[in-house]
Amino acid sequence: QVQLLESGGGLVQAGGSLRLSCAVSGHTFSSFAMGWFRQAPGKEREFVARISRAGGSTFYADSVKGRVTISRDNSKNTVYLQMNSLKPEDTAVYYCAAVSSIGVITTAKDYNYWGQGTQVTVSS
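What counts, and where the lines are drawn
- Residues numbered from 1 in each chain as written.
- Predicted model: local features only at pLDDT ≥ 70, side-chain atom pairs only at ≥ 80, totals over all residues.
- Heavy atoms only, no water.
- Disulfide = S-S within 2.5 Å.
- Helix = DSSP H or I, 4+ residues; strand = E, 2+ residues; numbered from the N terminus.
- Buried < 20%, exposed > 50% of the residue type's maximum accessible area, 1.4 Å probe, protein only.
- Polar contact = N/O pair within 3.5 Å; in protein donor to acceptor, adjacent residues only side chain to side chain.
- Contact = heavy atoms within 4.5 Å.
- Core = buried A, V, L, I, M, F, W, Y, C linked by side-chain atoms within 4.5 Å.
- Pairing = 2+ DSSP bridges.
- Axes fitted to C-alpha atoms, helices over the stretch in contact; angles between N-to-C directions.
- Salt bridge = Lys/Arg side-chain N within 4 Å of Asp/Glu carboxyl O.

A. Layout of the state of the cysteines. If you walk through the whole model with that rule in mind, you get one disulfide. Note that Cys-22 is cross-linked by a disulfide to Cys-96, the S-S spacing being 1.9 Å. Across the S-S bond of Cys-22 and Cys-96 the torsion is about 45°, and the bridge reads as right-handed. One end of the pair, Cys-22, is in strand β3 (residues 18-25); the other, Cys-96, is in strand β9 (residues 92-99), and 74 residues separate them in sequence. For the pair Cys-22 and Cys-96, one class covers both residues: buried.

Below is the structure:
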């Protein structure tokens, strides 16, 4: 059974930084492309970033491009999301997700496995 466990969320002031982690177990981590999504209260879950299986290809939502970096360490079965210059509108529950399909997939429904989420709150 594939399990994803996020950590690293918290409360930060605007302009600050956070690094989210997502540890994956139960399957060969390198067989998954990984994504980060977020969901703010009353809004739909939205795509944030995606990284390929080997980590050589990344893709970002326009709303976070230049402020966020997704990375992975296949030896640690972990994917990361480094977030800088945080804004109050970045406040949301952040989820990591795994997908076995090839390609740049940004739609939540196409991801196979999900973590439970970690709360990020950015104060103004």
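B. Here's a closer look at the side chain of Arg-38. Positionally, Arg-38 belongs in strand β4 (residues 33-39). Within the local environment of Arg-38, its side chain forms a polar contact with the side chain of Glu-46, the two groups lying 2.5 Å apart. A polar side-chain atom of Arg-38 sits 3.0 Å from a polar atom in the side chain of Tyr-94. Once you skip the residues sitting within four places of it in the chain, Arg-38 turns out to touch Glu-44, Arg-45, Glu-46, Val-48, Ser-63, Val-64, Glu-89, Asp-90, Ala-92, Val-93 and Tyr-94.

C. Molecular detail of the nonpolar core. Residues Met-34, Trp-36, Leu-81, Met-83 and Tyr-94 are the most contacted members of the largest nonpolar core, which totals 37 residues. Of all the secondary structure elements, the ones that give two or more residues to this core are β3, β4, β5 (46-51), β7 (68-73), β8 (78-83), β9 and β11 (118-123). Broken down by element, the residue count for this core peaks at six residues, all from β9.

D. Spotlight on the environment of Gln-119. Here Gln-119 is to be found in strand β11. Within the local environment of Gln-119, its side chain forms a polar contact with the backbone oxygen of Ala-92, the two atoms lying 3.4 Å apart.

E. Representation of the sheet that holds β3 within the structure. Spatial strand order, β1-β3-β8-β7: four strands in an open sheet with antiparallel pairing. Strand pairing shows two members of the sheet lacking a second neighbour, β1 (3-7) and β7, which therefore form its edges. Direction aside, the axes of adjacent strands within the sheet are offset by 15° on average. In this sheet, β8 lies alongside β7 in antiparallel orientation, the contact comprising six bridges. Bridging from a neighbouring strand, Arg-72 pairs with Val-79 of β8.

F. Molecular detail of the pattern of salt bridges. According to the stated counting rule, one finds five salt bridges in the structure shown. Among the salt bridges present, the one from Lys-65 reaches Asp-62, with a minimum N-O distance of 3.1 Å. The closest approach of N and O atoms between Arg-67 and Asp-90, which form a salt bridge, is 2.7 Å. In this pair, Arg-67 sits in the loop between β6 (58-60) and β7 while Asp-90 sits in the loop between β8 and β9, placing the two residues 23 residues apart along the sequence. Each member of the salt-bridge network shares a partner with another, and the members are Arg-38, Glu-46, Arg-67 and Asp-90.

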